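Chain residues, written in single-letter form:
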Amino acid sequence: HPATKRNLATLKGDGVQFVGPGEGAMACGEFGEGRMAEPEAIFEAAMKLLAGAGPLAGKHVLITAGPTAEPLDPVRMLTNRSSGKQGYAIAEALANLGARVTLVSGPTALPAPRGVTRIDIETAEEMLAASTAALPADAAVFVAAVADWRPDEVFGVKLKKGAGGPPTINLVENPDILATIARPGPKRPKLVIGFAAETHELEAQAKAKLARKGCDLIVANDVTEPGVMGGDQNRVLLVTKAGTEAWER
């Protein structure tokens, strides 16, 4: 209606923000432009307005999350225990702070966080390629549980049991994604954060990994604690060259 359009233009001129209208079926059997936006779209728009620009506006952050899956044959693979929850939660938090977030994710059952660009991969080699392609970035956060090894041969058919017993599987080392991205060079992010899932000597293992990988910070957690694997809470150590800080559950 012309009056509605005039009112809309006046409100927009006063700085009022709008969501929609959408197009589709409406009351009284009508169809067309004028349908209320979906609640999810209204919520997303409201959250963006409330967040404002955010302290990380204009920054690009690369995050890896979830496991990698290294195939042996069409139905079997070598992988790590990982739900992806920790990496996805960090990706969502950074997006809420205004960052442009690229999430390189192994196989998980999680939906992509709102406002995050997700790139799906399976193997460690694919994760390294996707991470390298996402550069340059201001920061990189490597949360993913990357398989350290992969079978040196991928069989094209499903392996069967037989009189000869189980097959011999030779393993080869996967590329070190964290160390590769943290290596000094023009494309190295200013901040590179690694994660360490350990079963013993947590702080010592984290300090050794920090020195070995060349990153700026290691977030370490003890995966033998009940509820850590696949859980919604965690207790970690933040380890830098300057010292160690404990973050409780």
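Preceding block: the structure.
Below is a summary of the structure that appears in this document. Everything numeric in this text was worked out from a predicted model, so none of it was measured.

1. Observations concerning the overall build of the protein chain
- Helices and strands together make up the secondary structure of the protein chain, namely six helices and 14 strands.
- At 23 Å, the protein chain has a C-alpha radius of gyration far larger than the 18 Å of a compact globule built from 249 residues.
- With respect to the principal axes defined by its C-alpha atoms, the protein chain has extents near 80 × 55 × 40 Å.
- A burial count over the protein chain gives 33% of its 249 residues as buried.
- Taking the intrachain contacts of the protein chain between residues at least 6 apart in sequence as the baseline, contacts between residues at least 24 apart amount to 58%.

2. Some words on the sheet that holds strand β6 (residues 100-105)
- The eight strands are arranged β7-β6-β3-β8-β11-β12-β13-β14 in an open sheet whose pairing can be described as mixed. The open sheet is flanked by β7 (116-120) and β14 (243-247), the only strands paired with a single partner. Mean inter-strand twist for the sheet, computed between neighbouring axes without regard to direction, equals 20°.
- Relative to β7, β6 is paired through five bridges, and the arrangement is parallel. If you follow T102 over to β7, its bridge partner there is T117.
- With respect to the sheet, helix α4 (residues 124-134) is in contact with β3 (60-65), β6, β7 and β8 (139-142), its orientation differing from that of β3 by roughly 175°.

3. Side note on the nonpolar core
- Counting 26 residues, the largest nonpolar core has L62, F142, C215 and I218 as its most contacted members.
- Elements with a contribution of two residues or more to this core: α4, β8, α5 (177-182), β11 (191-198), α6 (202-213), β12 (217-222) and β13 (236-240).
- Once residues lying within four places of it in the same chain are set aside, the contact partners of I218 are L178, G194, F195, A196, A206, K209, L210, L237, L238 and V239.

4. Quick look at the environment of T132
- Secondary-structure assignment places T132 in helix α4.
- In terms of polar contacts, T132 uses its side chain to reach the backbone carbonyl oxygen of L128, at 2.9 Å.

5. A look at the pairing of β3
- With respect to burial, β3 is a largely interior element, six of its six residues being buried.
- The side-chain alternation of β3 yields two buried faces, one formed by H60, L62 and T64 and the other by V61, I63 and A65.
- As paired strands, β3 and β6 are joined by six bridges and run parallel to one another. In the sheet register, I63 faces β6, and the bridge partner there is L103.
- In this sheet, β8 lies alongside β3 in parallel orientation, the contact comprising four bridges. Bridge pairing in β8 links I63 to V141.

6. Topic: the environment of E30
- Position of E30 relative to the elements: it lies in the loop between β1 (22-25) and β2 (31-35).
- For the pair E30 and T4, spaced 26 residues apart in the sequence, the C-alpha separation amounts to 17 Å.
- Not counting chain neighbours up to four residues away, the residues in contact with E30 comprise G24 and A25.

7. Thoughts on unusual backbone geometry
- The step from G20 to P21 runs through a cis peptide bond, and the omega angle for that step is 5°.
- Residue placement: P21 occurs in the loop between α1 (2-13) and β1.
- Omega for the peptide link from L135 to P136 comes to 10°, which places this bond in the cis form.
- You can see P136 is positioned in the loop between α4 and β8.
- Phi at C28 is positive, roughly 65°, even though this residue is not glycine.
- Considering the arrangement of structural elements, one finds C28 in the loop between β1 and β2.
- Positive phi, close to 45°, is recorded for E201, a residue that is not glycine.
- Looking at the element boundaries, E201 is found in the loop between β11 and α6.

So, how was this worked out
- Residues numbered from 1 in each chain as written.
- Predicted model: local features only at pLDDT ≥ 70, side-chain atom pairs only at ≥ 80, totals over all residues.
- Heavy atoms only, no water.
- Helix = DSSP H or I, 4+ residues; strand = E, 2+ residues; numbered from the N terminus.
- Rg over C-alpha atoms; globule rule 2.2 N^0.38 Å.
- Buried < 20%, exposed > 50% of the residue type's maximum accessible area, 1.4 Å probe, protein only.
- Contact = heavy atoms within 4.5 Å.
- Pairing = 2+ DSSP bridges.
- Axes fitted to C-alpha atoms, helices over the stretch in contact; angles between N-to-C directions.
- Core = buried A, V, L, I, M, F, W, Y, C linked by side-chain atoms within 4.5 Å.
- Polar contact = N/O pair within 3.5 Å; in protein donor to acceptor, adjacent residues only side chain to side chain.

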